[in-house]
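Observations on the model geometry
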Number of protein chains: 2
Amino acid sequence: MRLTNTKSVKQGIRAVAARAGVSTASVSRALNNPDAVSPSLRARIEQAIEALGYIPHAPARILSSRRSRTLGAIVPTIDNTMFARGIASLQQYLSSVGYMLFLTTSGYDLDVELQQARNLISRGVDGLVLRGDCHHDGLRKLLADNAVPFINVGIYQPDRPYPCVGTNNEAAAHRAAAHVIELGHRRIGIVSALQRNNDRASARVAGFRRALAERGLELPPQWHVEVPYTLDDAREAARHLLNLKDRPTAVVCGNDVIAYGVLLEAERDGFSVPRDLSVVGFDDLDWSRHLRPSLTTIHVPTGETWQRAGEYLVRSLAGEQTIMHREIDFSLVVRESTAPPPKSLK
Amino acid sequence: MRLTNTKSVKQGIRAVAARAGVSTASVSRALNNPDAVSPSLRARIEQAIEALGYIPHAPARILSSRRSRTLGAIVPTIDNTMFARGIASLQQYLSSVGYMLFLTTSGYDLDVELQQARNLISRGVDGLVLRGDCHHDGLRKLLADNAVPFINVGIYQPDRPYPCVGTNNEAAAHRAAAHVIELGHRRIGIVSALQRNNDRASARVAGFRRALAERGLELPPQWHVEVPYTLDDAREAARHLLNLKDRPTAVVCGNDVIAYGVLLEAERDGFSVPRDLSVVGFDDLDWSRHLRPSLTTIHVPTGETWQRAGEYLVRSLAGEQTIMHREIDFSLVVRESTAPPPKSLK
DNA sequence: GTCTAGATTGTAACCGTTTTCAGATAGTGC
DNA sequence: GCACTATCTGAAAACGGTTACAATCTAGAC
């Protein structure tokens, strides 16, 4: 049998109510909707809360109200400047509107993502923030079955029936490639992130390819390399690409970290950037403007993107009508790593 | 009045129980302690769960069981490789033992940290992971009043009554400074992170200073600079230090990002590292070995540190007796950024 | 002074689990 | 075959809040 002392309640809202000489309903109201109780009552209750050091029990609140004021986010990894940025920004926004964030990671694994989503829903989140639109089939069903609002972030797909917010990666990549083409390059290589289960990466590759195709430029297979996540991987791929007998004069990269790898490897092999080789990145991480040569890249406002995702969900949950597909502008930032190709190789 | 259809329960454990023809108690047992129910029952229940797509409601579970299998972590910022690393590692460990992590940020503000702690406790976390041992007075009281287990991570203070896990920052910093002293440097500058509300930063400064003091070396005030968080801040400070008429021949830095700033600024001002200037970092971020010159620094196993913190709490919560103060070894990684001082300035 | 609308407060059911306790069932030694 | 355990299972009371509804109170309007 559970010990229940009917005389005195040691904690909880009932203790506060008892001390303030009011009902639990009033305490609850004072907490959630202060205007609904008279100033005098409110003062008494606040004083009792203070005196008892009362902290509301969120799980009970969630259970009773069916709302948690908590969002869940599933990112591939937190150990990546882009995501860390985004999450920080999202979290800051959410906390400013009284929401909390449950953060989990999927490690780029769709099954894990599904599992994490189940986890978060179980936890009672009011909505979910997902990366991209490349998900397990079961995930959509799960979201639909449980009527969980969600948004795909980091991509822009106005034609899809799911909400999303992000830059148009295809267009941005196209812009990046167009930049080196405009500089006069005709021999352009691509070093992209792994495209598998990563629609962002593949959209960028598509943009690069379209830019080349529009100018009738060839892309020999050996000039397109895909690399995993680390700088070491990027360096290795770059080394390979730079040592081809027939090497490109410019390399467009799927993200800045990859570009760093190309830059480092180029330096190591004695190529001068941008004299011998032009390099374009994508994301515009902090480092990119500090590097020497500084990196020409596509600037993507990650913080804004994720904050908008939060705004979308919070507003939807508040019953407001909001834009389902929001495009976030990118911009090309031209720095030192790009220049016209050497005359001899033009 | 709430609508309650007494005939059919649409969801929840009762729906599962009804479908399987068992009591809710059995379903709960099948979920939490499978061995406690007979295989046949378990099979029936599992099938019902599957058929209904049942997802347990964690808040209700927490409310009832008084345990959330969730830990809270409060870090200054997530947008910092060190913390991102640590959090990623902690999260991975926790998920491997069936725990979840509630992550919040304090922005280096003690009041915010206290508020976040309140928030997390309200959320029902079973324990708290904190950064360092520099907290608001109210925080300890809060933790004590609510009997919330916690651990300070990133520091090692065996003499304190609070659990902690981390490297001995003072000793590690001492080692870093000793390294350049051993190389023959006598004119050594310090560029540290802000010490206010940051015991890690101040322990490092203390270690640097002790190493200098032990060899009887002077530290003119203008040779010790404190900088905020960004690379830009570090560069500005470095520029100032390097342009002193009477400048040091070696600089020990409070962390790697600061060291990058010094390195970049040195290059910009035409100093050659390590010929004209030796630089030592602290943390050993990924970049440090890729940079040119690569950075001599103190390697700190961040991932292990945070995982240990998780282990400590999980074990404590399981009732196991565990070590309260755990020291994590650091190591000096000598790379290209340090060398004996130029003869002329020795 | 009575009546009514509106503002405030209280009562108690309910949110979806876990868990105690007791009852039912099956297995064992004699 | 019987009493006696050891195992399973079920009924129902919590857990700590929210909130629908009822009850009370207040202030004008007449």
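Keep in mind that what you see is a predicted model, and the values were worked out from it rather than measured.

1. Some words on the packing of aromatic side chains
- Under the criterion given, the structure shown has 10 aromatic pairs over all chains.
- On the numbers, 6.4 Å between centres and 90° between planes, the contact of F83(A) with W306(A) is edge-to-face. Of this pair, F83(A) sits in helix α5 (residues 81-96) while W306(A) sits in helix α13 (residues 302-317), and the two are 223 residues apart along the sequence. The exposure classification of F83(A) matches that of W306(A), with both residues buried.
- On the numbers, 4.6 Å between centres and 15° between planes, the contact of Y108(B) with Y229(B) is stacked. Remark: Y229(B) occurs in the loop between β7 (224-227) and α10 (231-242) and Y108(B) occurs in the loop between β2 (100-105) and α6 (110-122); sequence separation between them is 121 residues.
- Among the aromatic side chains, those forming a connected cluster through ring pairs are Y260(A), W287(A), Y260(B) and W287(B).
- The ring of F282(A) carries the charged tip of R204(A) above its face, separated from the ring centre by 3.6 Å.

2. A few points about the domain arrangement of chain A
Residues and elements named next belong to chain A.
- Here the domain parsing of chain A yields domain 1 (13-56), domain 2 (68-167 + 302-329) and domain 3 (170-301 + 332-345).
- Look at where the C-alpha atoms of domain 2 and domain 3 centre, and you get two points 30 Å apart.
- Counting residues at the interface gives 19 residues for domain 2, matched by 11 residues for domain 3.
- Taking both partners together, domain 2 and domain 3 bury about 1,300 Å²; carbon and sulfur atoms supply 53% of that area.
- Connecting domain 2 to domain 3 are two salt bridges.
- At the junction of domain 2 and domain 3, the tally comes to nine residue pairs in polar contact (both at pLDDT 80 or more).
- Residues of the side of domain 2 that touches domain 3, tallied by class, amount to seven nonpolar, seven polar and five charged.

3. Concerning the pattern of salt bridges
- Tallied over the entire structure, the rule returns 47 salt bridges over all chains.
- In this structure, E214(A) and R210(A) form a salt bridge, with 2.8 Å as the shortest nitrogen-oxygen distance. With a gap of four residues between them, E214(A) and R210(A) both fall in helix α9 (residues 199-214), about one helical turn apart.
- The shortest N-O distance in the salt bridge between R275(B) and D276(B) comes to 3.3 Å.

4. Quick word on the interface of chain A and chain B
- In this complex, chain A contributes 47 residues to the contact, which on the side of chain B involves 47 residues.
- Here chain A packs against chain B, burying approximately 4,100 Å² in sum over the two surfaces, 61% of which is carbon and sulfur.
- One can count six salt bridges joining chain A with chain B.
- Put simply, R292(B) and E267(A) hold a salt bridge, and the shortest N to O gap is 3.5 Å.

5. Here's the deal with the packing of helix α5 (residues 81-96) of chain B against helix α13 (residues 302-317) of chain B
All names here are of chain B.
- Contact geometry for α5 and α13: axes closest at 8 Å, N-to-C directions at 40°. Here α5 is positioned oblique relative to α13, judged by the angle of their axes. Two packed elements cross with a definite hand, and for α5 against α13 that hand is right-handed. Between α5 and α13, the contacting residues are M82, F83, R85, G86, I87, S89, L90, Y93 and L94 on the first element and T302, G303, E304, W306, Q307, G310, E311 and V314 on the second.
- Residues that form the contact of α5 with α13 fall into these classes: eight nonpolar, six polar and three charged.

Calculation rules
The numbering scheme is per chain: residues are counted from 1 as the chain's sequence reads. By the order in which they are written, chains take letters starting at A while ligands take numbers starting at 1. Where totals are concerned, whole chains, interfaces and linings use all residues; where local detail is concerned, this predicted model gives features only for residues with pLDDT of at least 70, and gives and counts side-chain atom pairs only at 80 or more. For the side-chain quantities, the full set of heavy atoms in the structure was used; hydrogens and water were omitted. Think of it this way: a Phe, Tyr or Trp ring, Trp meaning its six-membered ring, pairs with another when their centres are within 6.5 Å, and the plane angle makes it stacked under 30 degrees, edge-to-face over 60, tilted otherwise. By the criteria applied, helices consist of DSSP H or I runs no shorter than four residues and strands consist of E runs no shorter than two, each listed in order from the N terminus. The buried label goes to any residue with under 20% of its type's maximum accessible area, the exposed label to any with over 50%, and the partly exposed label to all in between, with areas taken from a 1.4 Å probe on protein chains only. Geometrically, a charge over a ring is one whose NZ (Lys) or CZ (Arg) sits within 6 Å of the ring centre while staying within 35 degrees of the ring normal. Domain start and stop positions are those given by an automatic or database domain assignment. Contacts are assigned to residue pairs that have any heavy atoms within 4.5 Å of one another. Simply put, the buried area is the total loss of 1.4 Å probe accessible area from both parts when two parts are fitted together. Take a side-chain nitrogen of Lys or Arg and a carboxyl oxygen of Asp or Glu: if they are within 4 Å of each other, that pair is a salt bridge. Two N or O atoms count as a polar contact when they lie within 3.5 Å, although within protein this holds only if one can serve as hydrogen donor and the other as acceptor, and sequence-adjacent residues are included solely when both atoms are side-chain atoms. Polarity classes work like this: nonpolar for Ala, Val, Leu, Ile, Met, Phe, Trp, Tyr, Cys and Pro, charged for Asp, Glu, Lys and Arg, and polar for all others, with Gly in that last group. With axes taken as lines fitted to C-alpha atoms, and helix axes fitted only over the stretch in contact, angles between N-to-C directions fall between 0 and 180 degrees. Just so you know how the angles are binned, under 35 degrees is roughly parallel, over 145 roughly antiparallel, 65 to 115 roughly perpendicular, and the rest oblique. Two helices that cross are described as forming a left-handed crossing if the nearer one is turned anticlockwise from the farther one by less than a right angle, and a right-handed crossing if clockwise.

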